[in-house]
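Topology and contacts: notes
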Amino acid sequence: MLRADLTLERLSRGALLAVICAFVLTVWSPGFADALDGILEVRSAYVNVDKGVFLLYARVEYPVGPSLRNTLKDGVTLTFDLDARVDRERHFWFNANIVDLTLRRELSYHAVSDRYLVRDTRSRDQQSFSTLDEALDHLAKVDAWPILVEPQLDGGNYTISVRAGVRRGHLPASLRAILFWTDDWARVSEWYTWSLPV
Amino acid sequence: MVTPGVSNAPPRRLRWVAVGQGVLWAAIGLGAFLLLAKSVQNSPEFGRLQLWILLFDICGVIALSVLLARKVWRLVRDYRAHVPGSRLTARTVAIFGALVIAPLLIVYLSSLEFINQGIDSWFKVEVKQGLSDAVGLSRAALDLRMREYAERTVALAEALTRSNAADVQARLDAERRTSQALEVVLFGAHTRIIAASFENPLESLPSAPPPDLMQQVEQHLPYVSLEPQAGGRYLIRTAAALGAFGSRDERFVTATYPVPAQLAALSEAVQNSYSQYGDLAALREPLKYSFRLTLTLVLLLAMLAAIYGAIYSAQRLVRPVQDLIEGTRAVGKGDFGTRLPLPSRDEMGFLVHSFNDMTKKLRRARAEATQSQQVVEREREQLAIILARLSTGVLAIDRNLTIRTANAAAGAILGSDLSAATGRPLPELAAGNERLGQFVAALAVRFAAGREEWREQLDLDGASGRRALMCACTPLPGEDADAGFVVVFDDITALLSAQRDAAWGEVARRLAHEIKNPLTPIQLSAERLRRRLLAGMSERDAEILERGTRTIVQQVETMQQMVNAFSEYARAPEMHITRFSLNQLVSEVADLYRSQATRTRIRLDLDEHIEAIEADRGRVRQILNNLVTNALEALDGIASPLLEITTRLESSDDGAYAAVTVCDNGPGFQRELLGRVFDPYVTSKPKGTGLGLAIVKKIIEEHGGRIDADNRPEGGARVRLVLPVKDSTRSATGGARERREQLRRERA
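Residues numbered from 1 in each chain as written. Chains lettered and ligands numbered in written order. Predicted model: local features only at pLDDT ≥ 70, side-chain atom pairs only at ≥ 80, totals over all residues.

1. With respect to the overall build of chain B
Across its full length, chain B holds 19 helices and 17 strands. Counting the 748 residues in chain B, one finds 26% classified as buried. A fraction of 59% describes how many contacts in chain B between residues 6 or more apart in sequence connect residues 24 or more apart. (Helix = DSSP H or I, 4+ residues; strand = E, 2+ residues; numbered from the N terminus. Buried ≥ 20, exposed ≤ 12 C-beta atoms within 10 Å, placed from the backbone. Contact = placed C-beta atoms within 7 Å.)

2. Some points on the sheet that holds strand β2 (residues 193-198) of chain B
Residues and elements named next belong to chain B. Spatially, five strands are ordered β2-β1-β5-β4-β3 in an open sheet, and the strand pairing comes out antiparallel. Each edge of the open sheet is held by one strand with a lone partner, namely β2 and β3 (223-228). Neighbour to neighbour, the strand axes of the sheet diverge by 15° on average, direction disregarded. Pairing between strand β1 (residues 183-187) and strand β5 (residues 252-258): five bridges, direction antiparallel. Of the residues in β5, the one forming a bridge with Glu183 is Thr256. Packed onto the sheet, helix α6 (residues 211-218) meets β3, β4 (234-241) and β5 and runs at close to 30° relative to β4. (Pairing = 2+ DSSP bridges. Axes fitted to C-alpha atoms, helices over the stretch in contact; angles between N-to-C directions.)

3. Section: helix α15 (residues 582-596) of chain B
Residue and element names in this part refer to chain B. Across its 15 residues, α15 extends 21 Å between first and last C-alpha, which sits within 8% of the 21 Å expected from 1.5 Å per residue. Residues Leu582, Asn583, Val586 and Val589 constitute the buried set of α15. Down the axis, α15 shows its buried residues gathered within 130° of arc, on one side only. Turned more than 90 degrees from where α15 packs its buried face, Gln584, Glu588, Asp591 and Ser595 sit exposed. Residues of α15 that are buried sit in contact with β12 (601-605), β13 (613-616), α16 (617-634), β14 (642-651) and β15 (656-664). (Expected span 1.5 Å × (residues − 1). Arc of directions from axis to C-beta.)

4. Overview of the packing of α16 of chain B against helix α17 (residues 692-702) of chain B
Each pair of packed helices can be described by the angle between their axes along with the distance between the axes. Residue and element names in this part refer to chain B. Where α16 contacts α17, the two axes come as close as 10 Å, and the packing angle between them is 150°. Of the possible angle classes, the one that applies to α16 and α17 is roughly antiparallel. For the pair α16 and α17, the crossing hand works out as left-handed. When α16 is examined against α17, the residues Arg619, Gln622, Ile623, Asn626, Leu627 and Asn630 are found in contact with a partner set consisting of Gly692, Leu693, Ile695, Val696, Ile699 and Ile700. Here the contact of α16 with α17 is composed, by residue class, of seven nonpolar, four polar and one charged. (Parallel < 35°, antiparallel > 145°, perpendicular 65-115°, else oblique. Left-handed = near helix turned anticlockwise from the far one by under 90°. Nonpolar A, V, L, I, M, F, W, Y, C, P; charged D, E, K, R; others polar.)

5. Looking at the sheet that holds strand β17 (residues 717-724) of chain B
Within a sheet, adjacent strands bond to each other through the backbone by hydrogen bonds, running parallel or antiparallel. All names here are of chain B. Reading across the sheet, the five strands line up as β12-β14-β15-β17-β16 and stay open at both edges, with mixed pairing between neighbours. Edge positions in the open sheet fall to β12 and β16 (706-711), since each of these has one partner strand only. Taken pair by pair, the neighbouring strands of this sheet meet at an average axis angle of 15°, ignoring direction. Strand contacts of α15: β12, β14 and β15, with the helix running at about 170° to β12, the strand carrying the most contacts.

6. Concerning the nonpolar core
Among the nonpolar cores identified, the biggest contains 57 residues, and Leu56, Ala58, Leu82, Leu107 and Val162 of chain A are the most heavily contacted of them. Built from parts of two domains, this core gets at least three residues from each of domain 1 (12-122 + 283-332) and domain 2 (141-280) of chain B. If we skip the residues at most four places from it in the chain, Leu56 of chain A touches Ala45, Val47, Ala84, Val142, Trp145 and Ile147 of chain A. (Core = buried A, V, L, I, M, F, W, Y, C linked by C-beta atoms within 7 Å. Domains from an automatic or database assignment.)

7. Details of the packing of helix α4 (residues 125-162) of chain B against helix α7 (residues 261-282) of chain B
All names here are of chain B. Between α4 and α7, the least distance of the axes is 10 Å, while the angle of their chain directions is 150°. The orientation of α4 with respect to α7, classified from their angle, is roughly antiparallel. Judged by the sense of rotation from one axis to the other, the crossing of α4 with α7 is left-handed. Residue-level inspection shows Leu131, Ala134, Val135, Ser138, Ala141 and Leu142 of α4 in contact with α7, the latter providing Leu263, Leu266, Ser267, Val270, Ser273, Tyr274 and Tyr277.

8. Describing unusual backbone geometry
All names here are of chain B. Unusually for a residue other than glycine, His82 sits at a positive phi of about 55°. Within the secondary structure, His82 is located in the loop between α2 (43-80) and α3 (86-122). Positive phi, normally seen in glycine, also occurs at His190, with a value near 60°. Structurally, His190 is set in the loop between β1 and β2. According to the C-beta neighbour criterion, His190 is exposed, with 6 such atoms within 10 Å.

9. Describing the environment of Val47 of chain A
Residue and element names in this part refer to chain A. Within the element layout of this structure, Val47 appears in strand β1 (residues 41-50). On the basis of neighbour counts, which here come to 23 C-beta atoms within 10 Å, the residue Val47 falls in the buried class. Taking the C-alpha atoms as reference points, Val47 and Asp143, 96 residues apart in sequence, are found 9.5 Å from one another. In this structure, Val47 is in contact with Phe54, Leu55, Leu56 and Ile160, ignoring residues within four places of it in sequence.

See below:
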């Protein structure tokens with residue numbers, strides 16, 4: 001009886017110790033030299049209507065620092081997203097989403113030419129800049145981005161929300177499943193929201 | 001768990017719950033797997049499903065943890081409560097757990113090391129250095145071409161500086177064709193295009209000079225840059241200011257050259273590799289972290305599942321043992337109806353089957369034993385009833401005369417409640433009981449003499465007279481040396497008395513017959529002698545004859561009276577049963593003697609409940625006369641004579657009886673005569689035939705009654721007679737006459 005007691009107790013202690021050690025080993029990880037630290041916000045945004053097309057103009061402040069430059073120099077690609085939503089307000093219920101668009105651009109360092117490339121992932125257009133500041137200035141300005149046409153509006157109150165996001169690296173599909181633990185590889189700003197003047 | 005005769009399979013509801021849980025968890029696991037597979041193929045899909053996948057995983061871990069915690073808690077609770085089988089379960093779980101957890105931990109730690117080393121090997125310094133060298137090589141190859149183009153552009157600027165306006169266009173065209181440039185443009189002040197030459201003038205316009213180009217040109221420094229284009233193409237852009245530094249000439253010339261396709265493709269390949277390596281290198285630590293986390297989660301799930309499985313398997317393994325323990329306890333408590341469910345067809349199943357077989361046999365054996373016991377009990381009860389109803393006394397004793405059992409008749413005969421004195425020694429009970437004392441002494445003497453089997457008549461004297469017991473002793477059979485003895489005895493006093501009565505009746509009858517007949521001739525002959533001879537005789541002889549014949553006649557008359565009394569005793573006249581009031585008869589007799597014996601006080605105590613009895617009124621009156629006469633004769637010479645006559649109504653199982661007690665305060669019966677006062681010729685009086693009480697007894701017995709005589713403790717005689725109230729009772733019990741007749745027949 002006593003032997004069984006001791007066996008159970010030892011087993012429990014051993015298992016507990018092993019689990020704690022495994023957790024300590026696992027949870028402990030070196031802090032990433034985070035290239036995404038810094039201010040990330042939508043400074044201003046507005047829409048202009050040109051011939052029935054709503055054009056979005058936005059100014060975004062992306063984080064800038066030496067670590068960002070080093071990250072790019074190491075060959076890491078950064079993805080800059082600008083999310084735009086147009087919602088119709090509804091009483092006593094959730095708002096109805098009319099438009100949900102993302103303007104996605106990638107910034108990378110071209111080692112062979114020693115230039116910074118900005119590439120639109122959808123149109124595949126790309127521009128090169130001799131300095132990082134020039135490239136970031138280019139990314140920070142979004143002009144005349146068509147997000148909505150008048151026929152999509154059928155009265156009521158509408159709100160436009162804009163949010164900026166930055167994400168590091170291209171994840172291979174096979175790694176994507178196991179890397180979803182790490183959520184500090186992407187940052188998003190608060191929503192910048194205003195009412196649509198109709 | 002264990003129920004008599006019923007299988008303890010889990011209830012149907014619980015079974016369905018277990019099946020439902022299994023199906024639910026299988027569906028959740030399959031769903032999570034499908035979501036994972038879908039998300040890996042599609043990045044945006046992954047973003048949406050990530051939350052659900054996480055939720056599934058967390059739910060799985062939590063559910064498993066809860067189930068395991070519940071199992072462990074129950075196991076610990078049972079262990080502390082010393083529930084049968086819990087220690088075996090704990091030991092089995094410990095062994096199973098150790099067997100599973102140890103390899104898991106080894107695999108886990110090895111995998112961690114393998115992941116760390118494997119991922120680190122992907123990003124060796126040599127690989128990075130090789131890429132950097134490739135990039136440097138590409139740059140060197142392109143730099144050579146860029147420098148060449150830059151020099152050509154500077155030379156062109158110097159030539160244009162010297163050229164007049166009319167030759168500018170021609171020089172630009174010539175230069176573009178010579179150098180195979182895509183475009184050559186001459187800008188003036190404020191980046192105004194002065195002249196331009198294009199390879200395809202219809203397809204493109206001169207591109208605006210970039211800011212860094214303008215800065216270089218303004219400082220009269222040559223400008224050259226490599227611009228990557230979409231599709232893996234490269235352009236080399238050069239620029240040079242016209243005129244000398246400090247001159248007022250603001251013109252500058254730009255040229256755009258294509259990089260040869262082969263060189264561009266190689267450079268692009270190097271760039272792509274560099275970029276991919278950078279992305280992967282950045283994932284190095286997060287990748288390790290994720291692998292470790294995933295591995296730990298898998299380990300946790302595996303460990304939890306293994307421990308849960310170990311507990312579940314151990315409990316399933318131990319359950320038949322628990323059932324056996326509970327069943328054994330139930331059998332120990334006498335519950336032979338326990339049946340255990342058969343767990344399987346293995347050795348444990350065989351054991352359970354043997355247990356069930358054993359309980360079945362035990363149950364059958366107990367039923368048979370119970371039945372036998374009931375039979376024995378029933379026979380014992382019957383024997384007890386028989387013994388209780390026996391008029392024969394039965395007494396079982398051991399060698400030390402300690403009572404083992406005794407029936408009621410034994411107690412009644414010996415005058416002590418022996419049936420309630422089981423386990424007590426007879427000598428102890430004999431104190432104060434003279435008759436029992438004599439009985440015990442007779443037994444002790446025979447046992448002391450080593451006589452174990454004998455049959456003798458014992459005469460026991462007591463306050464109520466002498467009793468004759470026909471006693472037989474036999475040792476009881478048994479292996480034990482002191483199995484005891486059984487003593488069987490009958491009170492044959494009444495039998496002896498009846499025998500004596502019958503003998504005396506016969507004597508009386510013969511006497512009456514043989515003596516009465518010659519008496520009359522004797523008397524007549526004497527009287528004739530006196531008449532014939534008296535006249536012729538002398539006075540003296542006549543006187544002698546007269547005296548002699550008178551004496552003869554008187555003695556004959558006396559003998560005649562005696563013979564009449566014998567005849568009275570012997571004859572059995574027909575009884576004339578009538579219904580009359582006993583109390584009234586008693587009163588009449590008392591009144592008769594009150595008038596004759598004025599000195600004696602006669603006190604009556606009559607029971608008013610006695611209404612009437614069925615008997616021969618004349619013979620009952622004769623009884624009362626005899627008893628009162630006897631009492632009055634006994635009271636002769638007593639200072640204050642008192643005669644009490646009491647009547648009482650008594651009831652028994654046979655019916656109602658009327659008891660009449662006649663008491664006096666005289667000298668009482670002589671002690672030696674107490675047992676024989678109703679025998680003929682037994683009398684203490686100087687005169688009398690000695691047949692009075694004998695005739696009383698005879699009449700009483702002919703009525704089916706009984707009579708007792710003893711002395712009162714305060715002094716004086718007491719005679720108590722009991723008569724049946726109804727004649728039917730007398731007929732049922734039988735009278736003395738029948739008994740007498742029976743004895744007579746036996747003797748004949």
